[in-house]
Every structure is written in structure tokens, then in C-alpha cells.
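Observations on chain architecture
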Amino acid sequence: QDIASLGFNASYLALRNQTAGGQIAALRGDRIPNQPYLKAAAQLRLRARRITHAADFADLSFRTYYVHEFFRSWESAGTPDNKLTIPSQLTHDLGLSYVASGKERKLSGSLEAHNITNAKVYDFYGVQRPTRSFHFKFTVDICPRSLRKRKEYNHENSSLPQIISPPQSRSHRGPGTKCLQRRR
């Protein structure tokens, strides 16, 4: 029955070269290159229930991600003005989702906007990742709840009730095949 939730996580990784011999022994104590060592994320979610009927809800969410700048190569190698770094990155996402459940089906839809500030973001190799993007997803689950809750509703089980038949083979399963066909 939560109305609002807030989540936060942060990671600080002290990954350092501990090699005592070989080619990279001179770099002992340096951070491992091309690895972000400080990351954080936070999420705020607001939920509204019973919008049009008893079994529905809508979520509005805000997420933010931070990655501190890091070196693409060994930090002590090269001159200070000539080192390649991946810059610090801060992105924000917004999302809206709605779920309506009934006896025989469940409908859900979500709309998300990623990187709403259009900030430049990079992968571990310094290649720029896509900027602002929008995503929409709509799902219809037509499997009756009465079948989902029954213990014998398991196509791996050989003692299936007569009203359903197992799929032809594992390779023919697609989305939604967990709800099996009824026999005619």
C-alpha cells in the first residue's frame, strides 16, 4: 500500500594495480584503467491505486544516475595535460506506467523518457551513447488468473488437466506461451 518510495545506492570501488613484477609493475598502486570507481543512483516513485477500479495502479518515477570521471588508461602514465578521461556524467529519467488487472487479463503500459536533460554520456571506451530518448511499452496478458494460480499449471508437468495442452516444443514458445491453449 505504498504511496511513495525513495531508493538510493552508491558504489566506490578501490580497484588498484597490485602487480609486483612484469610490464605493469611500475604502475603499482594506480587505479585499474577504464573502470568507473564512483557511481550513484537514486529513484523516487509515486504510486496511485484504484484509479478506475480496485485492481489498477499508476506509477510516476524519477531516476537519476551519476558516474564520476575516470581515466581510460593508467593514471600515472603520460603527462597530466595529455590523459584521456571519460567525463563525469549525470542523467535523469522520467517514467509513467499504468497497470489494470482483471479476472481474465492484465493490461499494462509505460512511457519513459531517458536522459531528459540531453546530457552527453559515454560508454567505457569514450564512445558517445544516445542522448535523450523516449520509450513506450504496452502489454496484454490474456492468461486467466485461475490457471496461473493452479499448482498443476506447469507445462513441464506430465499430469496436465484436460482443458490445456502443452506447446509443440520449446523452440516454438513465444511471448505469452506460459498461458497454454485450451483444447477444443
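Anything mentioned here points back to the structure above.
The structure contained in this document is the topic of the report that follows. On a predicted model such as this, the values are computed, not experimentally measured, just so you know.

Counted under the stated rule, the structure contains three salt bridges. The partner of Asp-59 in a salt bridge is Arg-47, and the shortest N-O contact between them spans 2.7 Å. Residue Asp-59 is located in strand β3 (residues 56–67), and its partner Arg-47 is located in strand β2 (residues 38–49); the two are separated by 12 residues in the primary sequence. With respect to class, Asp-59 is no different from Arg-47; both count as buried. Here Glu-112 makes a salt bridge to Arg-63, at a shortest N to O gap of 3.8 Å. Of this pair, Glu-112 sits in strand β7 (residues 106–114) while Arg-63 sits in strand β3, and the two are 49 residues apart along the sequence. When its relative accessible area of 26% is taken as the criterion, Glu-112 is described as partly exposed. With a relative accessible area of 13%, Arg-63 lands in the buried category.

Let us look at the sheet that holds strand β1 (residues 4–12). What the six strands build is an open sheet, ordered β1-β2-β3-β6-β7-β8; its pairing is antiparallel. Strands at the two margins of the open sheet, each flanked by one partner only, are β1 and β8 (133–141). For this sheet, the mean inter-axis angle between neighbouring strands, taken without regard to orientation, is 10 degrees. Bridging between β2 and β3 involves 11 bridges; their strand directions are antiparallel. By the bridge assignment, Lys-39 is partnered in β3 with Val-67.

Now for the packing of aromatic side chains. A full pass over the atoms with the stated rule returns one aromatic pair. Aromatic side chains Tyr-12 and Tyr-37 sit 6.0 Å apart centroid to centroid with 90 degrees between the ring planes, which places their arrangement in the edge-to-face category. Separated by 25 residues along the polypeptide, Tyr-12 in strand β1 and Tyr-37 in the loop between β1 and β2 bring together distant segments of the chain. In this structure, Arg-47 packs its charged tip against the face of Phe-57, placed 4.1 Å from the ring centre. The lysine or arginine in question, Lys-83, covers the ring of Phe-71, its NZ or CZ lying 5.4 Å from the ring centre.

Here the idea is plain: a probe the size of a water molecule rolls over the atoms and shows the empty space left. Taken as a whole, the largest pocket spans an internal volume of roughly 500 Å³. Taken together, 24 residues form the lining of the largest pocket, with Tyr-65, Gln-89, Thr-91, Val-121 and Arg-129 sitting closest to its centre. Mapped onto the lining of the largest pocket, the elements with two or more residues apiece are β1, β2, β3 and β6 (89–101). Per-class residue counts for the lining of the largest pocket are 12 nonpolar, eight polar and four charged.

Before going further, it helps to spend a moment on the side chain of Asp-93. Along the chain, Asp-93 turns up in strand β6. Here Asp-93 sits buried without a salt bridge, and the closest side chain of opposite charge, Arg-63, lies 4.2 Å off (N-O distance). Within the local environment of Asp-93, its side chain forms a polar contact with the backbone nitrogen of Asn-115, the two atoms lying 2.8 Å apart. Discounting chain neighbours no more than four positions away, the residues touching Asp-93 are Ser-61, Phe-62, Arg-63, Tyr-65, Ala-113, His-114 and Asn-115.

What counts and how
- Residues numbered from 1 in each chain as written.
- Predicted model: local features only at pLDDT ≥ 70, side-chain atom pairs only at ≥ 80, totals over all residues.
- Heavy atoms only, no water.
- Salt bridge = Lys/Arg side-chain N within 4 Å of Asp/Glu carboxyl O.
- Helix = DSSP H or I, 4+ residues; strand = E, 2+ residues; numbered from the N terminus.
- Buried < 20%, exposed > 50% of the residue type's maximum accessible area, 1.4 Å probe, protein only.
- Pairing = 2+ DSSP bridges.
- Axes fitted to C-alpha atoms, helices over the stretch in contact; angles between N-to-C directions.
- Phe/Tyr/Trp six-rings, centres within 6.5 Å; stacked < 30°, edge-to-face > 60°.
- Lys NZ or Arg CZ within 6 Å of the ring centre and 35° of its normal.
- 1 Å grid on protein atoms, 1.4 Å probe; cavity = no way out; pocket = protein on both sides within 12 Å on 5 of 7 lines; lining within 4 Å.
- Points joined across faces, edges and corners; volume = space filled by probe spheres on them.
- Nonpolar A, V, L, I, M, F, W, Y, C, P; charged D, E, K, R; others polar.
- Lys, Arg positive; Asp, Glu negative; His and termini not counted.
- Polar contact = N/O pair within 3.5 Å; in protein donor to acceptor, adjacent residues only side chain to side chain.
- Contact = heavy atoms within 4.5 Å.

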